[in-house]
Structure formats: C-alpha cells, structure tokens
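Given next are the chains, with one letter for each unit.
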Amino acid sequence: MMMDQSSDISGFQKAYDTTRPALPGGGWLQELRHIAMTRFMSLGLPGRKLESWRYADLKALRKTPFQPVTKAPEADIAAIEKAAIAGLDAPRLVFVNGRFSRPLSRLHTLPADLAPKSLRDVLMLGGGSIRDLVMDLRDGDAFDQLNTAMMSEGVVIEVPEGMQVKTPIEIVYLVTDADNGAAHLRNVIRLGQGASLTVVESFAGDDSRFFTNQITQTTLADGADLTLLRRQHEGSGTVHVSRTYATLGKARFQMASIASGSTSTRHELRADVTTEGGHVGYEGIQLARAGQVLDTLTFMDHAVPSCTSTQTYRAVLAGQSKAAFQGKVLVRRDAQHTDARQKADSLLLDRAAEASTKPELEIYADDVQCAHGATVGELDADQVFYLMARGLAPNEARALLVEAFVAELCGNIANEPVRDAFLADARNWLTSANAAMDAPKEGDQ
Amino acid sequence: MVATTQTKDQVAELAGTYKHGWSTEIESEFAPKGLNEDVIRFISAKKEEPQWMLDWRLKAFAMWQKMEEPDWAMISHPPIDYQDTYFYAAPKAKDGPKSLNEVDPELLRTYEKLGIPIAEQEVLAGVEGAAKVAVDAVFDSVSVATTFRKELEKAGVIFMSISEAMREHPELVRKYLGSVVPQRDNFFATLNCAVFSDGTFVYIPKGVRCPMELSTYFRINAENTGQFERTLIIADEGSYVSYLEGCTAPMRDENQLHAAVVELIALDDAEIKYSTVQNWYPGDKNGKGGIYNFVTKRGACRGRNSKISWTQVETGSAITWKYPSCILEGDNSVGEFYSVAVTNNRQQADTGTKMIHIGKNTRSKIISKGISAGRSNNTYRGLVRVMGGADNVRNFTQCDSLLLGDQCGAHTVPYIEVKNPTAQIEHEATTSKISDDQMFYCMARGLDAEEAVAMVVNGFAKEVMKELPMEFAVEAQKLLGISLEGSVG
C-alpha cells in the first residue's frame, strides 16, 4: 500500500542539506547529525506494517516537505497568554514556530541556580559536558534519528541535588503563520538527588501547516520527583510527534497529558526504571474530533525488582476520528515484585469514530502483580436518561457525563491553575464537539 | 474407556503406514523431500482428485512461493528448510523399539497415568510387531464405526475424509473450501492449500442435530493426516454438531512441521462446537525435537443466530501458533473461545483468537488461561474488531496468566479495534503465580507439591475445562497435571 512506502521522504534530506549550515553544534555533533540523517533515510518513515505504528497516520509527512523554521514571525503577547495557563504565576519559556523567543519569555522569576538554558545556546557554546547531555539514540527508530539530525531548539533544565522547586516551569509552544515549517525540539530535564520539579507544556497554534517533532529526555536521580504536564492543542494543520524518555533511579516520574490538537498526533512515553523502588505514573487524555488521528504509545520497562507503574488512559471520540492507545509493560527476568497496572477506556460519541486499544504485557518474572483492563463503548443510556429526568437537555446530559469521564483523570494534578486549565481544555473541546455533532442531526435517542 | 476410543484413533493413523495395515499401497505412498509442482501433482494424483482441485492446489503453491514466513509472533526457531521436509506421508522409521523395555520410560509413565492399556501403549510407542495387535483392535472398531456411520447416514450427516468428499460431494467441497480461510490468507495456510494430505469433511443437513459427538475416530480410512490436515465443517440451517479433535495421549511424529487448516461454516440458526486437545510431542527438556504447529482455524457465522464455539486445551508441541477465530457475519451470531495453554520446559505458545463483528447484535466471549513453567514462553494474542455496521456488539475478554517459576514468560497482546459506538467491549487481564499460601494449604492436607500444583492449575483453568465435552474433560484434567511435571521443587 501507499502508506508503507518509505521512498517519499526525499524532502527531509533536502531540508537537512539546506538547514545544515545553520544547525548548532560543533564537529562531533555535526558528525552525529550526519550519521543520524543517513540512518533516517535508510529507515524511512514508519509504515503501518510496523507494529508500533499501525494506528498512526503519517500521510502528511510524506506529502509535505516541512522546512525547519530558521526565523520565526512576530507573535504578540496576547496569543501567548491565550495559549498559556490562566492564573499561573510561573516562569515561562516561549517558542514561536519552534524558535525560542526571549522577549516573550518570563525568566526573571526563576531562582538563580535554576536557570533553564536554551538548547541552542548550549550546543553553540560547545564543551565536553554536552556530549553527556544529548542522549545516545543511535539505535533508535526513524524519529529518534530525524530529531538527532535536525534538533536545533529546546530547553535544558538541570535541578541541582536537593532543590525542591515549588513553582512549575511553564513552556509555551505557539504555531502561527507557519508556512510548511517544522520544529525539531529537544528538551533535556535532569534532576539531581532529592530534587523536585514540575514542568507544564502548552502547545497551541493557528491552522497553518506545521510539523512538531519533539523529544524530551528526562533523567531522575534517587529521591527525585518530576511531574511533566502536557497540553497539546495545536491547530488542524499540524502534525505532532512527541516522545518522552524517562530514565529514573529510586525516583518518582509523573506525567499527565491532554491532547486534542493537530490533524495527526503521536505521543510516546518510554520509561526505564533502573533502581529498586522507582515509580512511573501516566495519565493520558485524548479528545478526537472529525478528521483527527490521535495515537498514544507507552512503554514501561521494568528491569529491576520492586518498582511500580500505573497507567490510565481515556479517549473521547467525536465525528469521523480515530484514537489509539498502545501501552506495553515489560517485566524483565529479575524484576520480581513489580506492580504494574494499566487501564484504557475509550468513549465513542459518533458512528464514524474508531477507537483502537492494545494493552500489552510481556512478563518474565513470576512474583509480580500485573493487570490491565480496557473498555470501549458509548455513553450509558441509563445515565443519560437519569440526567434528562432531572431536567437536563440531551446534549447537556451528554456533556456532563463526558466531562466527568475526563475530569476523573485531571483530579491528581496538584497545581490548581494547571488542573483548571486541563478541565477547561476538556470543556472547550466538548463545547465545540457538541456543536459539531448537533449541527447535522437534531435530537437524540 | 474414553482413552481407548482416542487411542484407537491413533492406532488407526499409525497402522496406515505399516505394511500390516489395511491400506495395501502404503509403501509407495510418499513423495520425496522438498516441494515443487510435481510433488503437488503427485499428491493430487494419489488422491485421485478432480482437475479443479489440482488447479486449486497449484494456484496456492504459486502464491506461497511469493509469500514470506510471518515473524510477528513471540516465537523463535531455527529457519525451516522447506526443501528438506516431507510434504506427503513421510515414511515412518521402520526400526522402532523391539519392546516396551526400549521405549522412553518417561513416555510410558505418561501413558500409564492416562490409563492406556499395555497393548495400545505398544502401538503408540511404535514397538515393532505391535501393529498387528493394533490392527486387530482397529478391525474390532471398524464394525463399531460402521454402526455409527449407519446412524449418521440415517440422520443425513455426511462425515468422511475430505478426499472422499471431493469425489462424492464435489459441489459442497467446491462451494465451501477456502471460503473461510482464503487461499492467500497466510503463509502456512497457503502452504496447506497446496499440499494438504487429507482431513475431515462434515456436513450437517438442515434442522439436524447430529446424533453423536463426532471425532476423527469414527472416520474409516483415516490415514496419517496429522501433518497437513484440512478440516471442513458445514452446519446447514438450524443444525448442531459437536466435533472433537486430537487426543490426550502424547503423539510422536517424525514430521516436525505441521500446518493444518480448519474451516467452519454455520448457516442460519446453526451451531458448531469444536473442541481440541493438542498434545503433540513438545520436545525434550532442553527443547530438542518437538512439533512446530502452525494452525489456521477459522469459523464463519454466516447465518442469523448462528454460533461457533472453540474450546482448546493446548499442552503439546514445541511451537504452537494458532488463533481459532470467528467471523460473525450473521446478525445475532455468537462466537466463543475458551482456551487453556500450558507450556513447560522450552515450549513456546503464541495463541489466541480473533472475533470479527460484522453483523448486528453479535456477541463474543473470550476466556484464555495461560500457564507457563520451566523456561517456556506463553503468549495470548487476540483481536476484537467491531465493524461500522455492527450495532449493539458485546464482547467480554478475560485472559489470565499463571507463572510457575522465574525462568518462564507470560505475555498478553490484545488488540481492540472498534468502529461502532454502540459496542460494549470489556477486556481484563491478570498475571499471577501460585501463592505459598495455596501450596501450604494443599500440602497440609497431604498432597505432594506436584499434586498441589495440578490442583491449583485445574482450578485456575476450570472456566475453560467445564466447556469441554465429557469425553475429554476427565483426561484433560489429568493432562494439565502431567504437562507441568518437573516444574516445581
């Protein structure tokens, strides 16, 4: 089939060739980029025959030669405020079309020894420590290679040992007036022993065609606690591929994500727990509207004993949309006393919607607690009836139930403005999805 | 008693390749190693098949040559050399053991536990000269079988080898063969289309409830069809049939590669219950030898209110690659899959089911129990797919894994793909081990460790075991315990 052909990626090579002189980094990095690009070209974009990409939609990447953005347009602060979290008094880093914007950012509120750096600056400065900074992804897949070859912007945050950062750090990515542009972002977040940090990312944008290709590498030393919160609501012309690597010792990594943006989205969390007592928590919400393909993949690698992981995924699908969740738990031979739980629920609101779920367990140790559950269905007619009997209109009843379905996952977010923003995202999505659903057909069953 | 009937079945199969058997042309009935068009022509000619059948085989062979062996299952084995394999009635080694004293005592112990009489043990183990005894036994049974056959004929049930059916009921075979598992379906199924040796054909006419449980035992002229078996069962409107396949006694076979195809068709209001006990030779403790079992089993619920139910107890084979599936086309049709898969030592099983919901109000239920021990790997792989037009679909899936020991693996790979909002799909999976408390409780009451494991495992698998017909149930319980011997302590 057409989808599986990898020949149609010459645009990426051209983009690399033209951008190369402008890519930051010294000789060794240039060499690394070159090797990665060669690997990418021979791997090609993953097709549907590749198991982990069977539900993804990368059509747009084959059709459009997205050019890395070298100069971002002017953006006004109002657009940033709209994309950012209301009422959150926090340091803020802003990227417009993938380019870091110092004037729009708000860095002065940060503690002195916690200065996030722009990846570009770090790479430009050179020096031996950068080698350790950039994760070795030589054996990775096509997107690892592409990102390594093209990465030019991102955030580097290093939290020193013992530092407990109370206010979250906010990162806003805005896409505006982008003409087939691409952002290859690499974020590096490292927490020393006993350090703690919360990072909130908000993606937003207009309907221009854009490709966001992000890798976030996080490393947590023993006793560290990192919370990563993502709101992905880019415009309908965007293809969004983001991957988070978490490598942790006896630490706590928590991620919550809400995604309703882009025509085609791929979210990944790949976590390695390397010391006994580590914990990974994941909560993912996908809200799909007509024309969208939203795809999530998680991979929990339990290599050592006595670690825990919990995953909760919920999807709501309206219109002719697709949402997929592939979640894998690997318990290696020595990882006794692992406790891994996974739950995936999908709610279909439309006849044309399609939900796919693949919760996978691969287990090589016997004294473990591993379980997964998955459900797919529509709203319970009895529940809708119950609310209607109390005077709610059909669409109000539906909205309330859907909101409850999604809200349950937001409850664990400790920071109030962030939690409210997640809930508001869900509510906004519902309002527009409801409007779209009520438009063609009146009434309800 | 049941062991006896099952055993006779094997006796019948084994006897076919011995010169004292009741087929006289046996000696010349094997093709040389390797696969080419001539071998296929040879097989077809031996079966006295009509031209259309030969053409069908050749077409499949042409497809197969362009296909690649699938590699997505969680199994690993050295590459199979298809040109170093017998594709038709491979000759049995003539210099078998002289007496039971020479037979692997492990095997004999297993026979004993299953309650197989000495004379039949000899035949099963391939002791020289035992065939004659066995043939007598078979001759005895032939009259029994004939009686059964008469009764079936009275009911209008067609039950014969598929080769016979091609000659006697070509219209039925032509209409349904390959209609559930298309020729191009997958590498192993396509191979089967080209080279299948024989198998079973069953047709239950409209409104008939098959008067007895059918199993290959009742089919006369059963030959050695274990390797590339082809089964076709058609239940016409309003009919019912229960079919038993396999045997609890361990089966040895010189042929390492097995690739069977089973097709079931249920028309309006019809029901097919298909039960399997698979205990092919799993190889020794170190994983040497053992059967590679690549099976394609699929049932089509074509008619309204039809039902297909698969029950399987898989304890044998070095590799099991098998996904008995249901295509639920007819409105209100029902698909069920009950499975117990046990792997021990170096065995690898990748098995599960597919439930494809096409018709409205279709329902499916999947209960899978995987038990891994030793250094084995046991994978459940399943798909539940709901098509856009399938309103009000219900599915419930439960797959539980039990790990015995810390050197084995238990994996669960379920796919859920839903295109209709009225569907209600539920999936649950758990992984656990036998707790020390459970062991202590059993052993405090006088059971030894192995008995305790057998008891807990049988409890774990109870939901599936109760679906087995009476004929199989008792032995299958014993079999679970035997398969896990050596996995504790």
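Residues numbered from 1 in each chain as written. Chains lettered and ligands numbered in written order. Predicted model: local features only at pLDDT ≥ 70, side-chain atom pairs only at ≥ 80, totals over all residues.

## As for the overall build of chain A
Here is the rule we go by: By definition, any uninterrupted DSSP run of H or I lasting at least four residues is a helix, any uninterrupted run of E lasting at least two residues is a strand, and each is numbered from the N terminus. Restricting the calculation to C-alpha atoms gives the radius of gyration, and the globule rule supplies 2.2 Å times the number of residues raised to the power 0.38. To assign burial, the other C-beta atoms lying within 10 Å of each residue's own C-beta are counted, with C-beta atoms placed from the backbone; 20 or more indicates buried, 12 or fewer indicates exposed, and intermediate counts indicate partly exposed. Contact between residues is assigned whenever the C-beta positions, reconstructed from backbone atoms, fall within 7 Å.
From N to C terminus, chain A includes 10 helices and 20 strands. Relative to its length of 445 residues, chain A is compact, with a C-alpha radius of gyration of 21 Å against a globular reference of 22 Å. In terms of overall dimensions, chain A has a C-alpha envelope of 70 × 50 × 50 Å along the principal axes. For chain A, the residues scored as buried account for 51% of the 445 residues in total. At a minimum sequence separation of 6, the contacts of chain A that also span at least 24 residues come to 83%.

## Some words on the interface of chain B and chain A
Quick reminder of the rule: The residue classification treats Ala, Val, Leu, Ile, Met, Phe, Trp, Tyr, Cys and Pro as nonpolar and Asp, Glu, Lys and Arg as charged. All others, Gly included, are polar. Only strands joined by at least two bridges in the DSSP assignment are considered to pair.
With 30 residues of chain B at the contact, the number on the chain A side is 30 residues. Among the elements of the structure, β17 (394-404), β18 (409-418) and β19 (424-433) of chain B are those that each provide at least two residues to the side of chain B that touches chain A. Of all the elements, β18(B) adds the most residues to the side of chain B that touches chain A, at 10 residues. Looking at side-chain class alone, the side of chain B that touches chain A contains 13 nonpolar, 11 polar and six charged residues. Note that strand β20 (residues 369-377) of chain A and β19(B) share seven bridges and pair antiparallel. Considered in β19(B), the bridge of Thr375(A) is made with Glu426(B).

## What to know about the packing of helix α3 (residues 51-65) of chain B against helix α9 (residues 187-195) of chain B
Residues and elements named next belong to chain B. Our working rule: Axis lines are fitted through C-alpha atoms, for helices just across the contact stretch, and the angle between N-to-C directions can take any value from 0 to 180 degrees. Here a crossing is taken to be left-handed if its near helix is turned anticlockwise relative to the far helix by less than a right angle, and right-handed if that turn runs clockwise.
Between α3 and α9, whose axes approach to 7 Å, the crossing angle comes to 145 degrees. Considering how the two elements wind past one another, α3 and α9 form a crossing that is left-handed. Of α9, the residues touching α3 (which contributes Arg57, Ala60, Phe61, Met63 and Trp64) are Thr190, Leu191, Cys193 and Ala194. The residue makeup of the contact of α3 with α9, split by class, is seven nonpolar, one polar and one charged.

## So, the UniProt feature "domain: SUF system FeS cluster assembly SufBD core" (unreviewed entry) in chain A
Keep this limit in mind: UniProt positions are given in the numbering used here, feature names are shortened, and annotations may be inferred rather than shown by experiment.
In this structure's numbering, the residues bearing the UniProt feature "domain: SUF system FeS cluster assembly SufBD core" (unreviewed entry) are residues 176-405 of chain A. Annotation note: span residues 176-405 of chain A, helix share 9%, strand share 60%, distance between end C-alpha atoms 32 Å.

## Structural notes on the UniProt feature "domain: SUF system FeS cluster assembly SufBD N-terminal" (unreviewed entry) in chain B
This chain's UniProt record puts "domain: SUF system FeS cluster assembly SufBD N-terminal" (unreviewed entry) on residues 149-210 of chain B. Between the end C-alpha atoms of residues 149-210 of chain B the distance is 12 Å, and the span holds 48% helix and 18% strand.

## Focus on the packing of helix α2 (residues 27-43) of chain A against helix α7 (residues 142-150) of chain A
Residues and elements named next belong to chain A. For the pair α2 and α7, the least separation of the axes is 8 Å and the interaxial angle reads 145 degrees. Once α2 is placed against α7, the crossing between them reads as left-handed. Between α2 and α7, the contacting residues are Leu32, Arg33, Ala36, Met37, Arg39, Phe40 and Leu43 on the first element and Ala142, Gln145, Leu146, Thr148 and Ala149 on the second. Broken down by class, the residue content of the contact of α2 with α7 amounts to eight nonpolar, two polar and two charged.

## Concerning the environment of Ala73(B)
All names here are of chain B. Residue placement: Ala73 occurs in the loop between α3 and α4 (105-114). A tally of 19 C-beta atoms within 10 Å means that Ala73 is categorised as partly exposed. For the pair Ala73 and Trp310, spaced 237 residues apart in sequence, the C-alpha separation works out to 21 Å. Those residues in contact with Ala73, other than ones at most four positions away along the chain, are Trp321 and Asp350.

## Focus: the pairing of strand β8 (residues 271-278) of chain B
Residue and element names in this part refer to chain B. Extensive coverage of β8 is indicated by the burial of eight of its eight residues. The pairing of β8 with strand β10 (residues 307-314) spans eight bridges and is classified as parallel. Across the sheet, residue Glu271 finds its bridge partner in β10, namely Lys307.

## Digging into the pairing of β20(A)
Pairing of strand β18 (residues 339-348) of chain A with β20(A), which is carried by nine bridges, proceeds in the parallel orientation. In the sheet register, Ser346(A) faces β20(A), and the bridge partner there is Val376(A).

## Thoughts on the nonpolar core
Selection criterion: Connectivity within a nonpolar core runs through C-beta atoms within 7 Å, and the core itself is a set of buried Ala, Val, Leu, Ile, Met, Phe, Trp, Tyr and Cys residues.
By size, the foremost hydrophobic cluster in this structure holds 250 residues, and its most contacted members are Leu174(A), Leu317(A), Val195(B), Val202(B), Ala235(B), Leu264(B) and Val457(B). Ignoring sequence-local partners within four residues, the contact set of Leu317(A) consists of Ala288(A), Ala323(A), Ser346(A), Leu348(A), Leu349(A), Asp350(A), Ala353(A) and Ala355(A).

## Some points on the confidence of the model for chain B
Residue and element names in this part refer to chain B. Worth spelling out the cut-off: Every residue is assigned a pLDDT by the predictor, reflecting its confidence on a scale from 0 to 100.
Scored by pLDDT, chain B has a mean of 81; 77% of the residues are at 70 or more. The weakest mean pLDDT in chain B belongs to helix α1 (residues 2-15) at 42; the strongest belongs to strand β12 (residues 325-328) at 97. Counting contacts from residues 90-94, a segment whose pLDDT is below 50, to residues more than four positions away or on other chains yields seven contacts. Long-range and interchain partners of residues 129-143, a stretch whose pLDDT sits below 50, account for 25 contacts in this model, where long-range means more than four residues apart. Both scores are available for the predicted complex, with the pTM at 0.86 and the ipTM at 0.86.

## Some details on helix α1 (residues 10-19) of chain A
Residues and elements named next belong to chain A. So the rule is basically this: The arc under discussion is defined with respect to the helix axis, by the directions toward the C-beta atoms.
Buried within α1 are the following residues: Phe12, Ala15 and Tyr16. In an axial view of α1, the angular spread of the buried residues amounts to 100 degrees, which keeps them on one side of the axis. Residues of α1 that are exposed and point over 90 degrees away from its buried face: Ser10, Lys14, Asp17 and Thr18. Among the structural elements, α2, β1 (67-68) and α7 are those in contact with the buried residues of α1.

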